[in-house]
Amino acid sequence: MSVLDTMYCAQQISIPPELPDILKNFTKAAIRTQPVDLLLWSAAYFNALSKGECLPVKDRLEMNVATQKTGTGLTPGLLKTLHKQLSSWQTCSKEELQKKWKGLCLPMDQLETLLSLGSFSSEIDWMEFFALGCSALGATLMSSLKFACEILTEDEEGGAARIPFNVFVKLYTYLAHLDGDIPQDHIDNFLRSLQPQVNKQNGMIQVSNFYISRK
């Protein structure tokens, strides 16, 4: 028997019993997430898996994933994934955000644009960045807030998309102030006008309370 046969005989090859499940879960995650750069995403996936961190995986396949491949970058599914990865604390470091963003194969120039718009330093208020992410998805302030509700809600997909009103207030106020053209009295009046509906919904607001779909 040769040296190579001795070193690599079948009895020496030990396959962990959990490996098939790991590969099966990885394959399903890749199909759902559809990363632009499979190698880059795979490195982020297994790095997170080894550390017991939230995986860079979408909840479901997005039908509009083709737009990501043309360079438009962020999608609702990817922003939701980022939120799951980074929302455990009120703030996150710029370095950690860059790492998670890159792991989802998102364009770094889009991240730099958002960071510049928010004038963020090394420590980033996550919900403020999340609001800016929603603004990148929506053409208007109200459509951005609609995306926020749909991403943050615990309702089933296609439901009312309810979120706590205090979260909505933070997102709306931040984006309205960032816009610069919305007077404070308009902000206050708008939020006040929603309060009766919120009171009836146990402190929750839903998309139909503020967003009128134009078909």
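Here, the structure is the one placed above.
Position numbers for residues count from 1 along each chain, tracking the sequence in the order it is written. Reporting in this predicted model follows two pLDDT cut-offs: at least 70 for local features of residues, and 80 or more for side-chain atom pairs to be given and counted; totals over whole chains, interfaces and linings ignore these cut-offs and use all residues. As a convention, hydrogens and water are excluded, and side-chain values are obtained from all of the structure's heavy atoms.

Engineer: What exactly am I supposed to notice about the overall build of the protein chain here?
Structural biologist: For the protein chain, the helix and strand inventory stands at 11 helices and four strands. Type-normalised accessible area, obtained with a 1.4 Å probe on protein chains alone, sets the label of each residue: buried when under 20%, exposed when over 50%, and partly exposed for intermediate values. When burial is assessed residue by residue, the protein chain has 37% of its 215 residues classed as buried. Throughout, a residue-residue contact means that at least one pair of heavy atoms, one from each residue, lies within 4.5 Å. Counted over contacts in the protein chain with a minimum sequence separation of 6, partners at least 24 positions apart contribute 56%. Accessible surface area values rest on a Shrake-Rupley calculation with a 1.4 Å probe, where residue burial reflects the displayed protein chains alone. Accessible area of the protein chain: about 12,800 Å², with a carbon and sulfur share of 56%. Helix and strand assignments come from DSSP, with helices taken as H or I runs of at least 4 residues and strands as E runs of at least 2, each series counted from the N terminus.

Engineer: Where do I start with the side chain of Lys100 in this structure?
Structural biologist: Position of Lys100 relative to the elements: it lies in helix α6 (residues 94-103). Think of a polar contact as two N or O atoms within 3.5 Å of one another; within protein, one of them needs to be a possible hydrogen donor and the other a possible acceptor, and neighboring residues in sequence only count if both atoms come from side chains. Of note is the side chain of Lys100, whose polar atom sits 3.1 Å from the side chain of Glu53. The contact partners of Lys100, leaving out residues within four places of it in the chain, are Glu53, Leu82, Gln85 and Leu86.

Engineer: Would you take a moment to explain the environment of His177 for this structure?
Structural biologist: Among the secondary structure elements, His177 is positioned in helix α10 (residues 165-179). Among the residues examined, His177 registers a relative accessible area of 45% and is labelled partly exposed. C-alpha separation for the pair His177 and Ile187, spaced 10 residues apart in sequence, amounts to 8.9 Å. Among all residues touching His177, those that are not within four sequence positions of it are Gln184 and Ile187.

Engineer: What is the right way to look at the nonpolar core in this model?
Structural biologist: Soluble globular proteins tend to bury their nonpolar side chains together. Side-chain atoms within 4.5 Å are what join buried Ala, Val, Leu, Ile, Met, Phe, Trp, Tyr and Cys residues into a set we call a nonpolar core. Counting residues in hydrophobic clusters, the biggest one holds 45 residues, and the most contacted among them are Leu97, Trp126, Phe129, Phe130, Phe168 and Phe210. Secondary structure elements with two or more residues in this core: α5 (76-86), α6, α7 (108-118), α8 (126-137), α9 (141-152), α10 and α11 (184-200). With eight residues, α8 is the largest single contributor of residues to this core. When neighbours within four sequence positions are excluded, Phe129 is seen to be in contact with Leu97, Trp101, Leu111, Leu114, Leu115, Phe120 and Ile124. Residues Ala29, Ala30, Trp41 and Val57 belong to the second largest nonpolar core, which totals seven residues.

Engineer: Looking at this structure, I do not really get a nonpolar patch on the surface. What am I missing?
Structural biologist: A cluster of nonpolar side chains, Ile13, Ile15, Leu19 and Leu23, forms an exposed patch at the surface whose accessible area comes to about 380 Å². Looking at where Ile15 falls in the secondary structure, it is placed in the loop between α1 (3-7) and α2 (19-33). With relative accessibility at 59%, the residue Ile15 sits in the exposed group. Only residues whose relative accessible area exceeds 30% and that form no salt bridge are eligible for patches; like-charged ones are grouped when within 9 Å, while nonpolar side chains (Val, Leu, Ile, Met, Phe, Trp, Tyr) are grouped when within 5 Å. Here a salt bridge means any side-chain nitrogen of Lys or Arg lying within 4 Å of a carboxyl oxygen belonging to Asp or Glu.

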